[in-house]
Amino acid sequence: MKTPLRLATAVAAVFFLTSCSAPAADTTTDATSAPTEQVEEVEEAPEPVDLAGEWKQTNSGAEDSFQSATIAGQTIEVFWNSPDQQAIYWAGTVEVPTDGSTSFTWDSVNDKTKTDNALMASSDDTKTFTYSDGELSYELTALGTTMTVRLAKQ
């Protein structure tokens, strides 16, 4: 019986010695050594303002006489409107910034193929349009009077 007792004592001694000599596992977490997760925020590009559609003057002073505009793609056409007629005032280019600006101006270049033979059309080479707070505006000079025309999308 001495052999099984010796064997049990030897196994216990080896177990005891190996458990004491091994370094204890560090169960605490060190914030500086823990891997940090970096979340990169992806900012969505703002959508450009959509000017396409029909616009009507809001400051004409008369219900049946006003200016209106039609914007399609990169073109704008502005008309004089009265009860029985419509005449072109402006035909030109539209430039909407792609950065999502909600207030901007652009210089529209006159399409003289549409305005040269029109009696009520502007003869200017360019016209500055402004878009701000949902309103389209521009300066108009007729019969020696200059005014700001304001249009709202219909």
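Residues numbered from 1 in each chain as written. Predicted model: local features only at pLDDT ≥ 70, side-chain atom pairs only at ≥ 80, totals over all residues. Heavy atoms only, no water.

Engineer: Residue-level account of the pattern of salt bridges, with values.
Structural biologist: Overall, the coordinates contain three salt bridges when judged by the stated rule. The closest approach of N and O atoms between Lys112 and Asp125, which form a salt bridge, is 2.7 Å. Here the residue Lys112 occupies a position in helix 2 (residues 112-115), and Asp125 occupies one in the loop between helix 2 and strand 6 (126-132), the gap between them amounting to 13 residues. For Lys112, a relative accessible area of 31% puts it in the partly exposed group. (Salt bridge = Lys/Arg side-chain N within 4 Å of Asp/Glu carboxyl O. Helix = DSSP H or I, 4+ residues; strand = E, 2+ residues; numbered from the N terminus. Buried < 20%, exposed > 50% of the residue type's maximum accessible area, 1.4 Å probe, protein only.)

Engineer: Can you explain the confidence of the model for the chain? Please cite residues and give values.
Structural biologist: Per-chain confidence: the chain averages 84 in pLDDT, with 77% of residues scoring 70 or above. With pLDDT under 50 throughout, residues 7-20 is counted as low confidence; its partners more than four residues away or in other chains account for zero contacts. (pLDDT = per-residue confidence, 0-100. Contact = heavy atoms within 4.5 Å.)

Engineer: Could you give an account of the nonpolar core, naming the residues involved and the relevant values?
Structural biologist: Ranked by size, the top nonpolar core spans 19 residues in total, and within it Leu51, Trp55, Ile76, Val78, Phe129, Leu136 and Tyr138 carry the most contacts. If you list the elements that add at least two residues to this core, you get strand 2 (66-72), strand 3 (75-82), strand 4 (85-93), strand 5 (103-109), strand 6, strand 7 (135-142) and strand 8 (145-153). Counting residues per element, this core draws most heavily on strand 7, which supplies three residues. If near-sequence neighbours (up to four positions away) are discounted, Tyr138 is found in contact with Gln67, Val78, Tyr89, Lys127, Thr128, Phe129, Met147, Thr148, Val149 and Leu151. (Core = buried A, V, L, I, M, F, W, Y, C linked by side-chain atoms within 4.5 Å.)

Engineer: Which residues make up the sheet that holds strand 3, and what are the values?
Structural biologist: Pairing within the open sheet is antiparallel, and its eight strands lie in the order 4-3-2-1-8-7-6-5. Strands with a single pairing partner mark the edges of an open sheet, and in this sheet they are strand 4 and strand 5. The average undirected angle you get between the axes of adjacent strands in this sheet is 25°. The sheet contact formed by strand 1 (residues 53-57) and strand 2 spans four bridges and is antiparallel. Directly across from Trp55, in strand 2, lies its bridge partner Ala69. (Pairing = 2+ DSSP bridges. Axes fitted to C-alpha atoms, helices over the stretch in contact; angles between N-to-C directions.)

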